[in-house]
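# Coordinate analysis (summary)
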Amino acid sequence: PLDTMRGCAISRTTPVAEATPPDPLAQEVAAAVEGLRRERGLSERAAAKLLRTSQTQLRRMEDPRYLPSLRSLARLAAAYGRTLHVEFRAPEARLP
């Protein structure tokens, strides 16, 4: 099934296996999504209304067990007046 955000269909998030340790990428994405909402001072309910999606779908986007699609993240960013930027970085050098 699809949810809608700003009149556009968004795909469901992909669950990360629960038996595995937390995925650092999923944790970072979830924290960023929640951070945007909190920065605006919005409750989950108010944010879901702004995003034109369900509160359940918003909770999944803020849950590190799920990994939202890039399309969903771009729509979320637009709803908050932001743009999504993807960057590939060289790994940090580790000290011996």
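Fair warning: this is a prediction, and the values are worked out from it, not measured in the lab.

### Remarks on helix 4 (residues 70-79)
The periodicity of an α-helix, 3.6 residues per turn, causes residues three or four places apart in sequence to face the same way. Those residues of helix 4 not exposed but buried are Ser-72, Leu-73, Arg-75, Leu-76, Ala-77 and Ala-79. Where helix 4 ends, the next residue or the one after it, Gly-81, has phi of about 75 degrees, a positive value.

### What about the pattern of salt bridges?
Applying the stated criterion to the full structure yields six salt bridges. Between Arg-38 and Glu-34 there is a salt bridge; the shortest N-O distance is 2.7 Å. Of the two residues, Arg-38 and Glu-34 both sit in helix 1 (residues 24-39), four residues apart, roughly one turn of that helix. A relative accessible area of 54% places Arg-38 in the exposed class.

### Description of helix 2 (residues 44-51)
Every buried residue of helix 2 is accounted for by Ala-47, Ala-48 and Leu-51. Each buried residue of helix 2 sits inside an arc of 100 degrees when the element is viewed along its axis, so together they form one side. In helix 2, the exposed positions angled more than 90 degrees off the buried face are occupied by Arg-45 and Lys-49. Trailing helix 2 by a residue or two, Arg-52 shows a phi angle of about 55 degrees, which is positive.

### Looking at the side chain of Arg-37
Here Arg-37 shows up in helix 1. Setting aside residues no more than four positions away along its own chain, Arg-37 makes contact with Leu-42, Ser-43, Glu-44, Ala-47, Leu-58, Glu-62 and Tyr-80.

### Some details on the nonpolar core
Membership of the largest hydrophobic core is limited to twelve residues, which are Val-29, Val-33, Leu-36, Ala-47, Ala-48, Leu-51, Leu-58, Met-61, Leu-73, Leu-76, Ala-79 and Tyr-80. Beyond its immediate sequence surroundings of up to four residues, Leu-73 is in contact with Val-29, Val-33, Met-61, Pro-68 and Leu-84.

### So, the environment of Leu-36
Positionally, Leu-36 belongs in helix 1. Between the C-alpha atom of Leu-36 and that of Leu-76, which follows or precedes it by 40 residues, the distance is 9.3 Å. Beyond its immediate sequence surroundings of up to four residues, Leu-36 is in contact with Leu-76, Tyr-80 and Arg-82.

Cut-offs used in this document
Residues numbered from 1 in each chain as written. Predicted model: local features only at pLDDT ≥ 70, side-chain atom pairs only at ≥ 80, totals over all residues. Heavy atoms only, no water. Buried < 20%, exposed > 50% of the residue type's maximum accessible area, 1.4 Å probe, protein only. Helix = DSSP H or I, 4+ residues; strand = E, 2+ residues; numbered from the N terminus. Salt bridge = Lys/Arg side-chain N within 4 Å of Asp/Glu carboxyl O. Arc of directions from axis to C-beta. Contact = heavy atoms within 4.5 Å. Core = buried A, V, L, I, M, F, W, Y, C linked by side-chain atoms within 4.5 Å.

So yeah, pure geometry; function would need other evidence.
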